[in-house]
Structures are given as structure tokens and as C-alpha cells.
Amino acid sequence: VMASLAGAQPGVRDYFARYPYTCLEQRASRAIGLDDDALWAAVGASLPNYLDGDGLARYFPTDALQGSDALTAYLLQIADAADRELPDEALERMLTGLERFVQGKVVRGSALPMADLTVRKLAAIEALARHKRAKPALIDALPIDPPLWPTSALVDWIGILQRVDGVPDRNAR
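Residues numbered from 1 in each chain as written. Predicted model: local features only at pLDDT ≥ 70, side-chain atom pairs only at ≥ 80, totals over all residues. Heavy atoms only, no water.

### Examining the overall build of the chain
Helix and strand counts for the chain stand at 8 helices and 0 strands. Along the chain direction, N to C, the helices and strands of the chain fall in the order α-α-α-α-α-α-α-α. Here the chain has a C-alpha radius of gyration of 17 Å; the compact-globule value for 173 residues is 16 Å, and the two agree. Along the longest, intermediate and shortest principal axes, the C-alpha atoms of the chain span 50 × 45 × 35 Å. When burial is assessed residue by residue, the chain has 41% of its 173 residues classed as buried. Carbon and sulfur atoms provide 55% of the accessible area of the chain, an area that totals close to 9800 Å². Separation between the mean location of the 19 positive side-chain charges and that of the 23 negative ones in the chain comes to 1 Å. (Helix = DSSP H or I, 4+ residues; strand = E, 2+ residues; numbered from the N terminus. Rg over C-alpha atoms; globule rule 2.2 N^0.38 Å. Buried < 20%, exposed > 50% of the residue type's maximum accessible area, 1.4 Å probe, protein only. Areas by Shrake-Rupley, 256 points an atom, 1.4 Å probe, with all protein chains shown as cover. Lys, Arg positive; Asp, Glu negative; His and termini not counted. Charge placed at Lys NZ, Arg CZ, Asp CG, Glu CD.)

Structure (C-alpha cells):
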């Protein structure tokens, strides 16, 4: 009997232990993957240096870069899924930045030349929902068309429906 279908995965742990990359996304992923309290604490301690003026996380701590809504949503989602805390001030800035992004008050382009704004906003709303900051009104302006969405957007949509009270036709959806 194993505690997990995945087993101990020593190869994955070894990979993460030797992982050489250092952007914020990779440092956070490594800390979560290794379940390393010290690495996670280092991510949290450095987080203020990675947030832009809108509260969105940047991959590298340089003022020349704008923060990313996708990275910010990712950090909030993996921290919640792994039951990890983020520093209160940084968390508040990130949540406010995502709210403003979803409301259209903060505009960010996509790294890819594609129409992915709805997918990115769904991820942001799902991250906000994990912190009780998503309201049905945030969803109202989005085109809801699940058959056109990639799997990641469907997973985010299900998370939104599970976590946000008051979404019209929530149970049917």
C-alpha cells in the first residue's frame, strides 16, 4: 500500500533539488514541489521586490518589467492548493491587483499572440475566489463559452462555480 498513486517520486525530488532557474515562478514551484519551508519563506520574504506598482507579480525583480496577471494568479492558486501562506501585505496587493485587472482598470497584454484575455481573467477570478474576493459581478462581463476554452479555463471555471456564491444559474452551470 502506497500513500499516493504517484509514489515517492525520488526522480522528481532530485530534479527540483538541482533545478537551476531562479525566476519567481520557478522558485515558488520549486518550494512547493520540494515542500520546503525555508524555500517558501524565502519566496515570501522576497515577494515585495517582485510586485509592480499595480500589485502584480513580475518574473524578475526589476522595475523595467510589468507584473503579470497570469503569474500573480498562479502564485495565489498554488499557495492556496499547497496550504502555504503569503505575507499579508503582499497578498493584499496581489489580490487588489487581480481585482483591478479583472475589472479592466489594469491592462496587461499577453505573452502570446492570441485572444486569451477571457482565459486569463478566469484564472484571476478563480485565484480571487480562493480568498473570498470574487464576486458574481466580476464574471458578468466575460463571454462564458466553455466549449471554446482550454482545459485550464474549464478547471478555473469549475473552481469559480464551487467557490463563488450568487453566480446566476450556478448549479446548472
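### A few points about the pattern of salt bridges
For the structure on display, the rule yields 13 salt bridges. One salt bridge connects Arg84 with Asp37, and the closest N-O pair in it is separated by 2.8 Å. You can see Arg84 sitting in the loop between helix H4 (69–81) and helix H5 (88–102) and its partner Asp37 sitting in helix H3 (residues 37–50), a full 47 residues away along the chain. Ionic pairing is found between Arg130 and Asp80, a salt bridge with its closest N-O pair at 2.6 Å. Here Asp80 lies in helix H4 and Arg130 lies in the loop between helix H6 (117–129) and helix H7 (136–140), a separation of 50 residues in the sequence. Salt bridges sharing common partners tie together Asp80, Glu126, Arg130 and Arg163. (Salt bridge = Lys/Arg side-chain N within 4 Å of Asp/Glu carboxyl O.)

### Brief notes about the nonpolar core
If you look at the biggest cluster of nonpolar residues, it comprises 43 residues, and the most contacted ones within it are Leu24, Leu47, Leu75, Leu76, Leu98 and Ile125. Residue assignment for this core shows that the elements contributing at least two residues are helix H2 (24–34), H3, H4, H5, H6, H7 and helix H8 (151–163). (Core = buried A, V, L, I, M, F, W, Y, C linked by side-chain atoms within 4.5 Å.)

### Focus: a nonpolar patch on the surface
Together, Tyr59, Phe60 and Leu65 make up a nonpolar patch on the protein surface, roughly 250 Å² of accessible area in all. With respect to the helices, strands and loops of the structure, Phe60 is situated in the loop between H3 and H4. (Patch = residues over 30% accessible without salt bridge, like charges linked within 9 Å, V, L, I, M, F, W, Y side chains within 5 Å.)

### Side note on the packing of H6 against H8
As a packed pair, H6 and H8 sit with axes 9 Å apart at the nearest point and diverge in direction by 35°. The element H6 and its partner H8 pack so that their crossing is left-handed. On H8, the residues that touch Val119, Leu122, Ala123, Ile125, Glu126 and Ala129 of H6 are Ser152, Ala153, Asp156, Trp157, Gly159, Ile160 and Arg163. Within the contact of H6 with H8, the residues separate by chemical class into 8 nonpolar, 2 polar and 3 charged. (Axes fitted to C-alpha atoms, helices over the stretch in contact; angles between N-to-C directions. Left-handed = near helix turned anticlockwise from the far one by under 90°. Contact = heavy atoms within 4.5 Å. Nonpolar A, V, L, I, M, F, W, Y, C, P; charged D, E, K, R; others polar.)

### Quick notes on H8
Taking 1.5 Å of rise per residue, the 13 residues of H8 would be expected to cover 18 Å, and the 18 Å separating its terminal C-alpha atoms lies within 8% of that figure. Within H8 the residues assigned to the buried category are Ala153, Asp156, Trp157, Gly159, Ile160 and Leu161. Taken together, the buried residues of H8 touch H4, H6 and H7. (Expected span 1.5 Å × (residues − 1).)

### Regarding the environment of Ile144
Take Ile144: it is sitting in the loop between H7 and H8. The class for Ile144 is partly exposed, based on a relative accessible area of 29%. When near neighbours in sequence (up to four residues on either side) are disregarded, Ile144 contacts Ile139, Trp149 and Trp157.

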